[in-house]
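The lines below spell out each chain.
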Amino acid sequence: SIIVKTGATYNVKVTDGAGCSGNSVAKIVSVNSAPNPVISGAGSVCENTTGVSYTVTNTAAHNYLWTVNGGTLASGSGTNSIKVNWGLAGSGSIDITETAPTGCSTDNNIDITIGTGLKPIINTAGNTIFCEGDSVLLDAGAGFTSYQWSPSTDTTRVITVKTSGAYTVTVS
């Protein structure tokens, strides 16, 4: 016997001790490709975030079985694209099993960090009590994709403040 890992046509020729030989009937072996599901989507989310999308490449006639830990599957069960509602802070994961019509299947997963929310710390460059005509720089810190200051309408990481007020920033 032999172990076959590639598709081909196989046959065997045998010879006995007297020198008599014979050939087997050819046997065709087919090796089907296994799916390769690669999950795309956010690896970090804020707690209680809803409708977060995750996808794998859609392959015709394949079946998709998703499992969500740390949240709930909101929509898309059985398809290549789902939406997840995440729960409380901690860790979570998404697992998928993709099965081809041939019966070949492959599992994959991603770990998810569920955070308590983005909390920027506003740093100052200069004194926050100053004379008319002076200013102070407020810096929300790096690592965010967007900034929205209030009561200012600025959308940059650092703003120059020339008037009194309570300044806040919303980041994402």
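Because the structure is predicted, anything quoted here is derived from the model rather than measured.

Reading the values: rules and limits
Residues numbered from 1 in each chain as written. Predicted model: local features only at pLDDT ≥ 70, side-chain atom pairs only at ≥ 80, totals over all residues. Heavy atoms only, no water. Helix = DSSP H or I, 4+ residues; strand = E, 2+ residues; numbered from the N terminus. Rg over C-alpha atoms; globule rule 2.2 N^0.38 Å. Buried < 20%, exposed > 50% of the residue type's maximum accessible area, 1.4 Å probe, protein only. Areas by Shrake-Rupley, 256 points an atom, 1.4 Å probe, with all protein chains shown as cover. Lys, Arg positive; Asp, Glu negative; His and termini not counted. Salt bridge = Lys/Arg side-chain N within 4 Å of Asp/Glu carboxyl O. Contact = heavy atoms within 4.5 Å. Pairing = 2+ DSSP bridges. Axes fitted to C-alpha atoms, helices over the stretch in contact; angles between N-to-C directions. Phe/Tyr/Trp six-rings, centres within 6.5 Å; stacked < 30°, edge-to-face > 60°.

Draft legend 1. Just the overall build of the protein, in detail. When helices and strands are counted, the protein shows 0 helices and 17 strands. The globule rule puts the C-alpha radius of gyration for 172 residues at 16 Å, and the 30 Å found for the protein is more than 25% above it. Along the longest, intermediate and shortest principal axes, the C-alpha atoms of the protein span 110 × 30 × 25 Å. By residue count, 22% of the 172 residues in the protein fall in the buried class. As displayed, the protein has an accessible area near 11,100 Å², and 51% of this comes from carbon and sulfur atoms.

Draft legend 2. Looking closely at the side chain of E98. Tracing the sequence through the fold places E98 in strand β11 (residues 90-99). Despite being buried, E98 has no salt bridge partner; K83 is the closest side chain of opposite charge, sitting 19 Å away. Excluding residues within four positions of it along the chain, E98 makes contact with P35, N36, P37, T59, H62, N63, Y64, C104, S105 and T106.

Draft legend 3. Summary view of the sheet that holds strand β13 (residues 123-125). One open sheet accounts for 3 strands, arranged β13-β14-β16; its pairing is antiparallel. Looking along the sheet, the strands with just one partner apiece sit at the ends: β13 and β16 (158-161). Across the sheet, the mean angle separating the axes of adjacent strands is 30° when strand polarity is ignored. Strand direction decides the pairing type here: β13 and strand β14 (residues 136-139), joined by 3 bridges, are antiparallel. Across the sheet, residue N123 finds its bridge partner in β14, namely D139.

Draft legend 4. Representation of the packing of aromatic side chains in the model. Taken as a whole, this structure holds 1 aromatic pair when the rule is applied. A ring pair is formed by Y54 and W86, whose centres lie 6.2 Å apart and whose planes are at 85°; its orientation type is edge-to-face. You can see Y54 sitting in strand β7 (residues 52-55) and its partner W86 sitting in strand β10 (residues 81-86), a full 32 residues away along the chain. For Y54, a relative accessible area of 0% corresponds to the buried category.

Draft legend 5. The arrangement of the pattern of salt bridges in detail. One pass over the structure, following the stated rule, counts 1 salt bridge. A salt bridge links D139 to R157, with the nearest nitrogen and oxygen atoms 2.9 Å apart. Of the two residues, D139 is situated in strand β14 and R157 in the loop between β15 (147-150) and β16; the sequence distance between them amounts to 18 residues.

Draft legend 6. Fine view of the sheet that holds strand β5 (residues 40-41). Taken in spatial order, the 4 strands of this open sheet run β5-β7-β10-β9, and their pairing is antiparallel. At either margin of the open sheet sits one strand with a lone partner, and together these are β5 and β9 (71-75). Pairing of β9 with β10 involves 4 bridges; the strand directions are antiparallel. Residue pairing in the sheet places T72 in a bridge with N85 of β10.

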